[in-house]
Amino acid sequence: MVVALNPQIEEHDGPYQTALAQYDRASRYVNIREDLIEYMRYPRREFSVNFPVRRDNGTIEMFTGYRVHHSTALGPSKGGLRYSLAVTPDEVRALAMWMTWKCALVNLPYGGAKGGVVVDPHALTQSELERLTRRYASELVPLISPHSDIPAPDMGTNSQVMAWMMDTYSMTMGYSVPAIVTGKPRHIGGSEGRTQATGRGVIICMVSALEDHNITNPTDVSIVIQGFGNVGSNAALYAHNLGYRVVAVSDVTGGLYNANGLDIPDLMDYTQVNGGTIEGYPHGDYVTNAELLTLDCDVLIPAAMEGQITRNNARDIRAKFVIEGANGPTTPDADDILNDRGIYVVPDILANAGGVIVSYFEWVQDLQAFFWNEDEIFAQLERILKRAYDETSATAKEHRIDMRTAAQVKAIKRVSDAIITRGVYP
Ligand code: NAD
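Summarised in this report is the structure supplied together with it. Computed from a predicted structure; not experimentally measured. (Residues numbered from 1 in each chain as written. Predicted model: local features only at pLDDT ≥ 70, side-chain atom pairs only at ≥ 80, totals over all residues. Heavy atoms only, no water.)

## Re the packing of aromatic side chains
Let me state the cut-off plainly: In this scheme Phe, Tyr and Trp rings, the latter by its six-membered ring, pair at centre separations within 6.5 Å, and the angle between planes marks the pair as stacked below 30 degrees, edge-to-face above 60, and tilted otherwise. Where helices and strands are cited, they refer to DSSP runs of H or I of at least four residues and of E of at least two residues respectively, numbered from the N terminus. Buried means the residue's accessible area, taken with a 1.4 Å probe over protein chains only, is under 20% of the maximum for its type, while exposed means over 50%, and partly exposed covers the values in between.
Here the structure, examined in full by the defined rule, presents ten aromatic pairs. Ring centres of Tyr23 and Trp101 lie 5.4 Å apart, and the angle between their planes is 0°; this geometry places the pair in the stacked category. Residue Tyr23 is located in helix α1 (residues 15-27), and its partner Trp101 is located in helix α3 (residues 89-105); the two are separated by 78 residues in the primary sequence. Residue class for Tyr23 comes out buried when judged on its relative accessible area of 0%. Residue class for Trp101 comes out buried when judged on its relative accessible area of 0%. Here the aromatic rings of Phe361 and Trp372 are separated by 5.1 Å at their centres, their planes lie at 45°, and the arrangement is tilted. Note that Phe361 is positioned in helix α12 (residues 354-368) and Trp372 in the loop between α12 and α13 (374-399), a separation of eleven residues in sequence. This pair shows no difference in class: Phe361 is buried, exactly as Trp372 is.

Here you go:
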């Protein structure tokens, strides 16, 4: 039984309001001074930049980018770069704060950061995207280094973008610096398993949550996944390979439903030759993204973007478990509704931490110039995530709170301990 903290709370629409509302809820359970609670509400530094990019037709277009370092108390800051028209300073702030809690929760020696450029990457040619990335990377040079801030891919960016970031930084330094970013292609210092890491981690957490509720037979479990990008497709594939029934998936074009389970490897092959989308795949019934979220299933995995489960649809969710692949897919109001309805939510900062965990492995391998094989990567990933799940579950039971609040309680405590031990400069 979960205690709903503040059922009267107002809807918090923006991601930063969501992040702060979650923080305010969790910090009540952490036995630390008020001034420290206030301290951790603030991002440490915020950077914004307007920069020109030459289009292929010779014209110059201006773009705006951001990078926010929320905390560096536990180590260098770590977090992805997003290319999207929806990027705003508030979104980047929220994502940076969540990175702080995520890294702390899974015990990585990192603080939290995030960055983004306001751009539709699909509207640029490959050479325009390269010039945009290289210019943005060079604007970030004063802020990033393998010892201060290490970017990674996020929505709209990929391993090629990371390769250009790494090359631009290396050209500026005069020597190769693979540890400047993670999520690079394997042959230039990337890690085995990084592409699959986040989706695989989502499923590792799902399995732990199911086992916590004595559900151990994969064929009994039906899964619905919103988003079929890096996180959604890799979660779907790993779940499928473990024997679970993935009955629906979606992307920005809409969703597909098949009660018998979709053939995920076949669907992934289809997207490869279909411009990256699931649109038109013949072996499923079309559903809208809104319908997909309320399908009858055991597990719902939102793996697309923020703000998908709100007070408007939380009462219609029929899944028994929500495992958050995306960052911030559930608003605080919706959280209350899901908790009251007994739906078990494994929060983003735990469920999607697989990505930053293998990013951490990549950084360690780059710094040591010594590489591990995929089996070692996946074994260590599972060890860290299962431990984090068990610790969070124990905290939730101890305080009789939901898993999100419990995850943040653990994370906030770790960051505040570091701040107290390091002291406040000067
Ligand atoms: P991606 O760009 O690879 O995929 C996003 C997917 O969501 C695509 O299938 C896209 O079509 C779909 N989508 C976009 N808008 C949608 C909408 N309105 N409705 C339904 N589907 C929509 O991105 P990703 O890397 O898979 O990231 C997805 C989420 O996971 C983001 O919230 C991201 O911050 C989070 N995340 C990603 C990683 C990672 O390692 N890639 C790690 C942690 C968290």
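## Overview of the side chain of Thr405
Selection criterion: Whenever a nitrogen or oxygen atom comes within 3.5 Å of another N or O atom, the pair is scored as a polar contact, on the condition that within protein one atom can donate a hydrogen and the other can accept it, and that pairs from neighbouring residues in sequence are kept only if both atoms are in side chains. What makes two residues a contact is simply this: any of their non-hydrogen atoms within 4.5 Å.
Mapped onto the fold, Thr405 is located in helix α14 (residues 403-422). Given a relative accessible area of 4%, Thr405 falls into the buried group. A distance of 2.9 Å separates polar atoms of two side chains, one belonging to Thr405 and the other to Asp402. Excluding anything up to four places from it in sequence, Thr405 contacts Arg25, Ala26 and Tyr29.

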